[in-house]
Amino acid sequence: MNPAHSNDLHTDPNQFPGVDVYAVAGNPITHSKSPAIHKRFSEQSNQKMHYGRLQPALDEFATTAQSFFAAGGQGMNVTVPFKLDAQAFADELTPRAKLAGAVNTLRIENGKIFGDNTDGAGLVRDLLAQGIQTQGARILLLGAGGAARGVLGPLLEQAPKELIIANRSNAKADELVQLFAKLATVHQAVLQSLTLSDLEDISKTASHFDLIINATAAGLSDVSPISDIAASNIFIPQSFAYDMVYGKVTAFMQQALHRGSRVSDGLGMLVEQAADAFLIWRGEHLNEVIDSRAVLAELRAS
Ligand code: ATR
């Protein structure tokens, strides 16, 4: 294998003697931006490492991860659809990975695999870098699947005034409210659930929101999870609409733009979660030398 051939999907640590090897595992994975992001972080901080891609078959995450670490792999990022497999694979989980119910970062230490989740911290850092006030804010989180659960803990730790989870179906949003009720109380945040259709009723939403985050899978197709009536209730020009999907102006973002709100896609979250993974692997002290916002700007320009 040619180490310079970054499209190789079979990242084998044996092929990179003397170099620490990392990889992102997902299916599909060919278009992942993670190798480019980590390459820039390693250049900024003079780290001798290789970061490749792995595309396990859908039922082969554990075998692939096992061989990767057995061959000397130092760490792995995990993306769709393997975050639950990665959680099961880890020997030990950080508290935030437990709360998120999923793992996006694995590392090995003395033969033991540790699982962490940097998605929520990545989202919060991107919001703060964009000047969004989360403390004391009224936040609406759309969706109650894995992506929503992954960011709920770090959002509540920002001590918003209110956090409403709105989902198509009631049950999953209610489950999340129960799961995170204690954390909400600790941070004096009101945590409640609604259905997406409730958002059409202004008596249920009370008023507009400061921050609306789309964590539904609807962003991947060209539909918005909310109707135009709901959009008129929740967005005002001072609102900020964030879609976790990146690389396009989604239908959800267009609804917000139409009402004069500011919008963002999720590219900054991708870069920030990668920065946290990089620091977990290579040492927190490198925080001083890596520049995630510069990497984000480069990605946007490319
Ligand atoms: P992920 O890990 O991406 O969150 P998931 O756990 O399957 O994936 O969750 C998908 C989320 O997107 C759910 O909240 C789902 O709503 P339901 O729980 O009602 O299924 C939501 N979702 C998917 N497609 C949607 C659509 N077209 N409109 C609104 N919500 C949608």
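In the block above lies the structure referred to throughout.
Thresholds, definitions, all that
Residues numbered from 1 in each chain as written. Predicted model: local features only at pLDDT ≥ 70, side-chain atom pairs only at ≥ 80, totals over all residues. Heavy atoms only, no water. Pairing = 2+ DSSP bridges. Helix = DSSP H or I, 4+ residues; strand = E, 2+ residues; numbered from the N terminus. Axes fitted to C-alpha atoms, helices over the stretch in contact; angles between N-to-C directions. Phe/Tyr/Trp six-rings, centres within 6.5 Å; stacked < 30°, edge-to-face > 60°. Buried < 20%, exposed > 50% of the residue type's maximum accessible area, 1.4 Å probe, protein only. Lys NZ or Arg CZ within 6 Å of the ring centre and 35° of its normal. Right-handed = clockwise from strand over helix to strand, strands pointing away.

**Concerning the sheet that holds strand S12 (residues 262-264)**
With parallel pairing, six strands are arranged side by side in an open sheet as S9-S8-S7-S10-S11-S12. Since the sheet does not close on itself, it has two edges, and those belong to strand S9 (190-195) and S12, each with one partner. Between one strand axis and the next, the sheet turns through 15° on average, direction left out of account. The sheet contact formed by strand S7 (residues 138-142) and strand S10 (residues 211-214) spans four bridges and is parallel. By the bridge assignment, Leu142 is partnered in S10 with Asn214.

**Focus: the packing of aromatic side chains**
The tally for this structure, following the rule as stated, stands at eight aromatic pairs. The interplanar angle of 80° and the centroid separation of 5.4 Å between the aromatic rings of Phe68 and Phe69 together place this pair among those described as edge-to-face. Ring centres 6.4 Å apart and planes at 20° place the aromatic pair Phe69 and Phe89 in the stacked group. Of the two residues, Phe69 sits in helix H2 (residues 61-70) while Phe89 sits in helix H3 (residues 83-89), which places them 20 residues apart along the sequence. The same class applies to Phe69 as to Phe89, namely buried. An aromatic cluster of at least three residues, connected via ring pairs, comprises Phe61, Phe68, Phe69, Phe82 and Phe89. In this structure, Arg107 is placed above the aromatic ring of Phe114, and the distance from its NZ or CZ to the ring centre is 4.3 Å.

**A closer look at the pairing of strand S11 (residues 240-243)**
Side-chain alternation along S11 places Phe240 and Tyr242 on one buried face and Ala241 and Asp243 on a second face that is also buried. Pairing of S10 with S11, which is carried by four bridges, proceeds in the parallel orientation. The partner of Asn214 across the bridge, within S11, is Asp243. In this fold, the crossover linking S10 to S11 by way of helix H9 (residues 228-234) has right-handed handedness. Here three bridges tie S11 to S12, and the two strands are oriented parallel to one another. When the sheet's bridge partners are listed, Tyr242 is paired in S12 with Ser264.

These values are about where atoms sit, not about what they do.
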